[in-house]
Amino acid sequence: MSALTDLIFAGSNAVAGLTEKAVADAIAKHGEDAKVAFPDTAYFFPTIYAATGVKVAKLGDLPACVNVLKSLITNKPELGDALNAGLATAVGAEILEGLKYLESANPYEGDSGIGFVPDPIIRSLGVPLVTGDIPGVAVVLGKAESAQDVVGVVKDYQSKGLMTFLVGDVIEQVAEGGVKLGLEFRVVPLGHDVTSVIHVVTVAVRAALIFGSLQPGDLAGLLKYTKERVPAFVNTFGPIDEVVVSAGAGAIALGFPVVTDIDLGENQVPGALESETDHSLTVKKSLELRGIKIKVKELPIPVAFASAFEGEIIRKKDMKVEFYSGKNVTCELVRMADPDSIEDHRIVVDGPEIDSGEVEYPLATFVEVAGAKMQADFESVIERHIHAWFNYMEGVMHTGQRNQVRIRISKDAFDKGLRLHHFGEVLYAMIMDEFDTVVDKCQVTLVTDPAKAEHILKDIATPVYNQRDDRLQSMTDESVDTFYTCTMCQSFAPSHVCIVTPERLGLCGAVSWLDAKATNELNPSGPCQIVTKQHMIDERTGRYEDVNEAVKQYSHGALENVTLYSLLEDPMTSCGCFECICGIIPEANGLVIVNREYSGMTPTGMTFGELASMTGGGVQTPGFMGHGRHFISSKKFARAEGGVERIVWMPKELKDDVAERLNRTAKELCGIDNFTDMIADETVTTDPAELVDFLTEKGHPALTMDPIM
C-alpha cells in the first residue's frame, strides 16, 4: 500500500505546486481584484464552496484556498491521509480549470471537450437520474492500448443509458470508433487535461447543493451525500501517472470506486480501487462496485435501444425517411378496447413499408390495449410515452405528439434493417413491460396508406382528442376527491414532497394528476400516494389538514405545513429539477418567472441559477418557488397573492410558449385581453426601474393591487 500512497502524495504535491504557481502568475498578471468564475453557475468554485463555504469570486480569494489545499497533503502513509490528498488534488484541479476561464470566456473552443457543465444542465438531469433513465454516471479517462477496448465499454454504457464523461485521449478513440459525442447522446467529452476531470466532480458536488440542501462548508455531509446518492464511478485506461492516481484518490474519497485496466496487485483496495484487465468485464465490475442494477430490454429490432439516444438529432442530409404532419397526415392514439376485439402482439403495417422507395409517408400510429384494470384515463398516459420510446431507437428522431408529429429515420438505421414494423415491436414490448399491471393485451396498427390514415385521424383520433381536452379543461382541484404525492426525487432530495393536483402538475413538468393516478394504480406502494382532501383549513391559500399530514409523513417529519396556492405562506418545496422558478420583485409589486434554459439576468438582479440556489433540496423559501411551465397558466398559480395578474416579467421564449394558455386564463379570470403583451421580457428590460416604467405604460394590473409584501 505504501507504493500506492506514495504515488498519491506525489501527484497531490505536483498539482499543489502547479496550482500555487498558476495563482501567483495570474495575480501578477491581472491583479487580486480580477474576477474569476465558471460560467452559468451560482456556486462559485463548486468544490471549494461546498467543502469550505468560501465563495471564490476574484483572484485574491485563491491564495487562501491554495493554503487549504496544501494543508490536506500530510504525506502520511495512512489511506485516510491519502484520500485527503486526493481531495487536495480535486481542489487544485478546480483552481487550474477556473483560471482557464480567466483567460477566455470559452477556453475549450477548438478543443474536443466541453469543459465546465453549467447548472441548468445538472438540473435537467435530475428527473432521468431519479427515474432511472440515467442509472449511473461513468467517468472514462486515459488512453486505451487498443481503441476498440474503450469503444466497446462506452457503447455498453450508452446502451444501458448511463451518462459517460470522457477525459484524455479516449475522446478521440471513442469518436473514431463511431460513437456520437455530446450531451444529447450521454457521451460527453470534457477535455484532454487530466484536470478536466474536476468538471465531473463539480456535477456531483452541485447535485448535493442543488438537490440535497447541503450547507456549504459541511465537508462530512458532502462526502456522505456523494457516496450515498450520486451513482458515479471511474474507469482508467492505459498507463496511470501519479496525477491520475491522485485524482483517483479524490474520486474514492467522494465515494466513487475506480476500476483500472492496469494490474495493481496488492495495491488494490477492495470496493474502492480494483483492477480489471479483461475489458469485456469492465462494465460488469464497475456497475457491481457502485451497486447499479440495469434492467436490460432485449427487443427484436436491428438497432440499439436505450434512453441515451433520446436526444439524437437527425439532419435532413442523414435522413432516409420522414413522417411529418406538415406534409402528410400523422397521428398517435392509444385506445382502450374490448379484450375480445383485439389480438395480443398483433402488429400490422397497413400501407407501404418504408423500403418502398418513398422518402415521405403519412403515419397513423393506432394502439389498442385491453386489461381488467385498464382505465380510459390511462390512454393518454401511455400515449405520451410513444415520444420517448421511438426516440430510444438509435437512428430515430421523434418530436411532437397527437396529430403534430415529425419522425425521421436515419440512413444508417435503415441500412441496418430498421423498418416500420419494428416500431410496432417497440410499442408492444414497452407497453407490456411498463404497464403490465393494467394491460393484458396489446395490438399495434401502423397506417401509411394516405386515405386510411386520414380516416383514423378524422373519424377516430380527433374526436378522442377533443373529448379528452374537454374533460381536462373541466377538471379542477375542486372536482376530484383526491390529490397525489410524488416522491420520486427523494433519492436526491430526501425531504421533498410534491403534491400533484389537476391544476398543479409536478414542478419538474413531467408528472400530471393523471400521471400520478396511473403511477399509483401501477405501483400502489410507489412514489405517488393518495392524499385525501376532506379537511380544508383555508381555501385562499389551499391549506388542507390532509395535505399537511401527508407531507409530514412522506417528508419523514422535515415538513409540517404546506399550502398549494401561496408563494409566501408555507409554499411547496422544490427538489431542484424544476422547469421554472418564480420570485417576488417588490419594486413592481409582482412576480418574475424564469425558466432554466434562460441564462441571462432578470430584474431581480439574479440569474436563474442564483434564484434557484435559494430554494431546492426540500427547503421552504417563502417568496420563491420552483414549478412547471404549465402551472404558469393555471387558475391556481399564486392565487393567494392575486394569481396570474402578478406576473410582470418572463424571458421571451417562455412567454411565447405559455402565451396562448396564459392569455386565456387572464381573460377568464380578470377580463384582460392579450395579457402577455403587458408582461415584460429581456428584449424590453432587465432593470427594475425600467420595468416599472414599462408596466405603467401598459397599465399592468399588478401596480394597482395590494402590496405583495
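For clarity, every value in this text was computed on a predicted model and none was experimentally measured.

Enquirer: Where do I start with the overall build of the protein chain in this structure?
Expert: Along the backbone of the protein chain there are 20 helices and 22 strands. Taking 27 Å as the expected radius of gyration for a compact globule of 709 residues, we find that the protein chain reaches 27 Å, a close match to that expectation. Put simply, 73% of the contacts in the protein chain that link residues at least 6 apart link residues at least 24 apart. Across the protein chain, 62 positive and 101 negative side-chain charges occur, with their mean positions spaced 2 Å apart.

Enquirer: How should I be thinking about the sheet that holds strand β11 (residues 396-401) in this particular structure?
Expert: Strand pairing in a sheet is mediated by backbone hydrogen bonds. Such pairs are either parallel or antiparallel. Strand order in this open sheet of three strands is β7-β12-β11, and the pairing throughout is antiparallel. In this open sheet, the two edge strands, each paired with only one partner strand, are β7 (319-324) and β11. Neighbour-to-neighbour, the strand axes of the sheet open up by a mean angle of 5°, direction not taken into account.

Enquirer: I'm lost on the pattern of salt bridges in this one. Help?
Expert: Should their charged atoms come close, side chains of opposite charge can pair. Under the criterion given, the structure shown has 41 salt bridges. Among the ionic pairs, Lys-70 bridges to Glu-20, the shortest N-O distance being 3.0 Å. One end of the pair, Lys-70, is in helix α3 (residues 62-71); the other, Glu-20, is in helix α1 (residues 2-30), with 50 residues separating them in the sequence. The shortest N-O distance in the salt bridge between Lys-416 and Asp-412 comes to 3.3 Å. We classify Lys-416 as partly exposed; its relative accessible area is 40%. Each of the salt bridges in this network shares a partner with another, and the network as a whole consists of Arg-335, Glu-379, Glu-383 and Arg-468.

Enquirer: Help me out: how do you make sense of the packing of helix α12 (residues 377-391) against helix α16 (residues 513-522) in this one?
Expert: The axes of two packed helices give the description: the angle between them and the distance between them. At their nearest, the axes of α12 and α16 sit 9 Å apart, and the two run at 100° to each other. Taken together, the axes of α12 and α16 lie roughly perpendicular to each other. When α12 is examined against α16, the residues Asp-377, Phe-378, Ser-380, Val-381 and Arg-384 are found in contact with a partner set consisting of Leu-514, Asp-515, Lys-517, Ala-518 and Glu-521. Of the residues contributing to the contact of α12 with α16, the split by class is four nonpolar, one polar and five charged.

Enquirer: How do you make sense of the packing of aromatic side chains when you look at a structure like this?
Expert: What describes a pair of aromatic rings is the distance from one ring centre to the other and the angle between the planes of the rings. A full pass over the atoms with the stated rule returns 16 aromatic pairs. On the basis of an interplanar angle of 35° and a centroid distance of 5.3 Å, the ring pair of Phe-211 and Phe-492 is categorised as tilted. Separated by 281 residues along the polypeptide, Phe-211 in helix α8 (residues 198-211) and Phe-492 in the loop between β14 (482-486) and β15 (498-500) bring together distant segments of the chain. Its relative accessible area of 3% is what places Phe-211 among the buried residues. Members of the aromatic cluster, connected to one another through ring pairs, are Phe-38, Phe-45, Tyr-101 and Phe-116.

Enquirer: How should unusual backbone geometry be read in this particular structure?
Expert: Among all residues save glycine, negative phi is the norm, and among peptide bonds the norm is trans. A positive phi is found at Asn-589, a non-glycine position, where the angle reads about 55°. Structurally, the position occupied by Asn-589 is in the loop between β19 (580-585) and β20 (590-595). Asn-589 gets classed as buried once you look at its relative accessible area, which sits at 11%. The backbone of Ala-638 sits at a positive phi, close to 45°, despite the residue not being glycine. Of note, Ala-638 is situated in the loop between β21 (624-627) and β22 (647-649).

Enquirer: For this particular structure, what's the right way to read the environment of Pro-339?
Expert: Following the sequence through the fold, Pro-339 ends up in the loop between β8 (330-336) and β9 (346-350). A residue is classified by how much of its surface remains accessible, and Pro-339, at 39% relative accessible area, is partly exposed. Spatially, the C-alpha atom of Pro-339 lies 9.1 Å from that of Cys-442, the residues being 103 residues apart in sequence. Other than its neighbours up to four places away in sequence, Pro-339 contacts Ala-370 and Lys-441.

Enquirer: What is the right way to look at the side chain of Asn-595 in this model?
Expert: Locating Asn-595 in the fold gives a position in strand β20. Ignoring any residue separated from it by four or fewer positions in sequence, one finds Asn-595 in contact with Glu-579, Cys-580, Phe-608, Arg-629, Pro-651, Glu-653 and Leu-654.

Enquirer: How should the sheet that holds β19 be read in this particular structure?
Expert: The strand order across the open sheet built from four strands is β21-β19-β20-β22, with neighbouring strands paired in mixed fashion. A strand with exactly one partner marks an edge of an open sheet, and here the two such strands are β21 and β22. Across the sheet, the axes of successive neighbouring strands diverge by a mean angle of 35°, strand direction being ignored. Note: β19 against β21, four bridges, orientation antiparallel.

Enquirer: Which parts of the structure should I look at to understand helix α20 (residues 688-698)?
Expert: Within an α-helix, residues lying three or four positions from one another point in the same direction, as the helix has 3.6 residues per turn. Where α20 is concerned, the buried positions are Leu-691, Phe-694 and Leu-695. Projected down its long axis, α20 carries its buried residues within an arc of 95°, all on one side. Facing away from the buried side of α20, by more than 90 degrees, are the exposed residues Asp-693, Thr-696 and Glu-697. Where α20 is buried, its residues contact β19 and β22. After α20 finishes, the residue Gly-699 shows a positive phi value of roughly 70°.

Enquirer: Would you take a moment to explain the packing of helix α6 (residues 147-159) against helix α11 (residues 282-290) for this structure?
Expert: Contact geometry for α6 and α11: axes closest at 9 Å, N-to-C directions at 50°. One way to sum up the angle between α6 and α11 is to call them oblique. Packed against α6, whose contacting residues are Val-153, Asp-156 and Tyr-157, the element α11 presents Thr-282, Val-283 and Ser-286 at the interface.

Enquirer: Any chance you could explain the nonpolar core here in plain terms?
Expert: Burial of nonpolar side chains together is a common tendency in soluble globular proteins. Judged by nonpolar contacts, the single largest core of 174 residues is most densely connected at Met-393 and Phe-423. The element that contributes the greatest number of residues to this core is helix α4 (residues 79-103), accounting for twelve residues. Those residues within four positions of Phe-423 in sequence are excluded, and the remaining contacts are Phe-390, Met-393, Val-396, Ile-407, Ile-409, Leu-418 and Leu-446. Formed by 24 residues, the second largest nonpolar core is a distinct cluster that contains Leu-505, Phe-637, Val-644 and Ala-666.

Enquirer: Is there a simple way to explain α4 in this structure?
Expert: With 25 residues, α4 extends 37 Å from end C-alpha to end C-alpha; this agrees with the ideal 36 Å at 1.5 Å per step. Here α4 lies mainly inside the structure; 20 of its 25 residues are buried.

Enquirer: Can you help me understand the layout of surface pockets in this one?
Expert: Here the idea is plain: a probe the size of a water molecule rolls over the atoms and shows the empty space left. Empty space within the second largest pocket amounts to approximately 370 Å³. When residues of the lining of the second largest pocket are traced back to their parent elements, those giving at least two are α6 and α13 (411-415). Class assignment for the residues of the lining of the second largest pocket results in seven nonpolar, five polar and nine charged.

Enquirer: What is the right way to look at empty space enclosed by the protein in this model?
Expert: Considering all chains together, one arrives at three cavities of 30 Å³ or more under this definition. Size it by volume and the largest cavity reaches roughly 240 Å³. Taken together, 24 residues make up the lining of the largest cavity; nearest its centre are Val-197, Val-201, Ala-247, Gly-248 and Ala-251. Looking at side-chain class alone, the lining of the largest cavity contains 18 nonpolar, six polar and no charged residues. When its volume is computed, the second largest cavity comes out at roughly 150 Å³. Along its surface, the second largest cavity is lined by 16 residues, and Leu-129, Val-137, Val-203, Ala-204 and Val-230 are the ones closest to its centre. Elements with a contribution of two residues or more to the lining of the second largest cavity: α5 (119-131), β2 (163-167) and α8. A total of five residues in the lining of the second largest cavity trace back to one element, the largest contributor, which is α8.

Definitions and limits used
- Residues numbered from 1 in each chain as written.
- Predicted model: local features only at pLDDT ≥ 70, side-chain atom pairs only at ≥ 80, totals over all residues.
- Heavy atoms only, no water.
- Helix = DSSP H or I, 4+ residues; strand = E, 2+ residues; numbered from the N terminus.
- Rg over C-alpha atoms; globule rule 2.2 N^0.38 Å.
- Contact = heavy atoms within 4.5 Å.
- Lys, Arg positive; Asp, Glu negative; His and termini not counted.
- Charge placed at Lys NZ, Arg CZ, Asp CG, Glu CD.
- Pairing = 2+ DSSP bridges.
- Axes fitted to C-alpha atoms, helices over the stretch in contact; angles between N-to-C directions.
- Salt bridge = Lys/Arg side-chain N within 4 Å of Asp/Glu carboxyl O.
- Buried < 20%, exposed > 50% of the residue type's maximum accessible area, 1.4 Å probe, protein only.
- Parallel < 35°, antiparallel > 145°, perpendicular 65-115°, else oblique.
- Nonpolar A, V, L, I, M, F, W, Y, C, P; charged D, E, K, R; others polar.
- Phe/Tyr/Trp six-rings, centres within 6.5 Å; stacked < 30°, edge-to-face > 60°.
- Arc of directions from axis to C-beta.
- Core = buried A, V, L, I, M, F, W, Y, C linked by side-chain atoms within 4.5 Å.
- Expected span 1.5 Å × (residues − 1).
- 1 Å grid on protein atoms, 1.4 Å probe; cavity = no way out; pocket = protein on both sides within 12 Å on 5 of 7 lines; lining within 4 Å.
- Points joined across faces, edges and corners; volume = space filled by probe spheres on them.

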